[in-house]
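# Notes for the structure review
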Amino acid sequence: MWVVVCCTMCLQIRRAVRFMLQHLDGFDAERECLPFQELMPLDQYMLYKLYHFVETFTDNMESMKFYLACADLHLLTKTELAGFYHNTIKSRLLCSARYSRERSSALTTLHHHLSVVHRLIAPLVPITAEEIVLQYPARTPVAKPSGAFHHGWPEASGEWQEATGVVQDVGFARQILNMSHLPRHNFEGSEDAKLADFNILLSNESSFNRMMSLNGGADRSSLSSLTEILLCNTVHLQHVDNVADLCNLEKFALHKSLSIGDDSSTPGDVGVIVQRSTAHHCPRCRRCVANTEGEVCVPCGAVEASS
């Protein structure tokens, strides 16, 4: 049984690494990496998580608690990277302009993750670590000597732990994502299903304002960090008092009490209503955000015009 578990874990690590290597092909880290403060909120959140992962992983390795270190590595590669982050940034990587802030921010985050992960996994899966060195030599500022074991143990930048506010906002958005699985699943199984729009109802004014900032400062947006995290076409935010009553009137809806960060003293009702998208399907980015059927959406049109 343990052999099967180890093989499965190695495959999950390789899948996460393969995704990063594919999209970092041709990325010039020295010229294209963005400073931490210029990264998108989701990318700052992921580097914050990486900082604390390095600390925990290092402590477990030094204490010879290898089973806990492997569990941490499994959580990072399968849950945080492959299960969440890689899915959310696909649109940015594939559809944004080559040197746009959105795409460069995602690539910068992938670069930092690969630079750290390849050195952390060297004692556990050395062959995979050496393959990363061969496939992506730009992952480290040290050109010589070659080999993962010559690059030293990674130290995450202390700047990454300063994004506390962003971390709480993105963490709250992930809670909304988790509670949306049931209404989204029922919606996608219905006869009228089309790519979904989300109507988010919030009774707490503070939560509403912080989600507004993730939604680009607008109550309705199809191009924001919030739509990216929730994996939907458009997010419409509403500050209302009767969240439960409004959700009970909708077929594909769910509501529950949530709080941002550790502030459990002021929870608020949150409702997610999944609705059919009213926009048209964009043939380039494959999302329902186009104004006219058969034509590309505005962002894709701008990318095509600049290329």
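Our subject is the structure that appears above.
Predicted model, so just to flag it, every value in this text is computed and none were measured. (Residues numbered from 1 in each chain as written. Predicted model: local features only at pLDDT ≥ 70, side-chain atom pairs only at ≥ 80, totals over all residues. Heavy atoms only, no water.)

Another aspect to go through is the overall build of the protein. The secondary structure content of the protein amounts to 12 helices and seven strands. The globule rule puts the C-alpha radius of gyration for 307 residues at 19 Å, and the 21 Å found for the protein is close to it. Burial status across the protein gives 48% buried among its 307 residues. Residue pairs in contact within the protein that sit at least 24 positions apart in sequence constitute 67% of those at least 6 positions apart. Carbon and sulfur atoms make up 52% of the accessible area of the protein, which totals about 15,500 Å². Here the protein contributes 26 positively and 34 negatively charged side chains, and the mean placements of these two sets differ by 7 Å. (Helix = DSSP H or I, 4+ residues; strand = E, 2+ residues; numbered from the N terminus. Rg over C-alpha atoms; globule rule 2.2 N^0.38 Å. Buried < 20%, exposed > 50% of the residue type's maximum accessible area, 1.4 Å probe, protein only. Contact = heavy atoms within 4.5 Å. Areas by Shrake-Rupley, 256 points an atom, 1.4 Å probe, with all protein chains shown as cover. Lys, Arg positive; Asp, Glu negative; His and termini not counted. Charge placed at Lys NZ, Arg CZ, Asp CG, Glu CD.)

This part takes up the pattern of salt bridges. Under the definition given, this model contains eight salt bridges. As a salt-bridge pair, K49 and E80 come within 3.8 Å of each other at their nearest N and O atoms. Taken together, the residues span a long stretch of sequence, with K49 in helix α3 (residues 41–62) and E80 in helix α4 (residues 66–95) at a distance of 31 residues. Assessed through its relative accessible area of 9%, E80 is described here as buried. The partner of E80 in a salt bridge is R174, with the nearest N and O atoms 2.8 Å apart. Taken as a pair, E80 in helix α4 and R174 in helix α7 (residues 164–179) lie far apart in primary sequence, 94 residues in all. Residue E80 shares its accessibility class with R174, and that shared class is buried. (Salt bridge = Lys/Arg side-chain N within 4 Å of Asp/Glu carboxyl O.)

Let us now look at the sheet that holds strand β3 (residues 235–239). Within the open sheet, the five strands sit side by side as β2-β3-β1-β5-β4. Their pairing is mixed. Each edge of the open sheet is held by one strand with a lone partner, namely β2 (220–221) and β4 (253–258). Where strand β1 (residues 196–202) lies against β3, five bridges are found, and the strand directions are parallel. Bridge pairing links F198 to V235 in β3. Contacts from helix α8 (residues 181–188) reach β1, β4 and β5 (268–276) within the one sheet, and its direction differs from that of β5 by about 15°. Contacting β1 and β3, helix α9 (residues 205–214) runs over the sheet at an angle of about 155° to β3. (Pairing = 2+ DSSP bridges. Axes fitted to C-alpha atoms, helices over the stretch in contact; angles between N-to-C directions.)

Moving on: the packing of α3 against α7. Viewed as axis vectors pointing N to C, α3 and α7 meet at an angle of 100°, and their least axial separation amounts to 9 Å. Here α7 runs roughly perpendicular to α3, going by the angle between their axes. Of the residues in α7, those in contact with P41, L42, Q44, Y45 and Y48 of α3 are V166, V167, V170, G171 and R174. When its residues are assigned to classes, the contact of α3 with α7 shows seven nonpolar, two polar and one charged. (Parallel < 35°, antiparallel > 145°, perpendicular 65-115°, else oblique. Nonpolar A, V, L, I, M, F, W, Y, C, P; charged D, E, K, R; others polar.)

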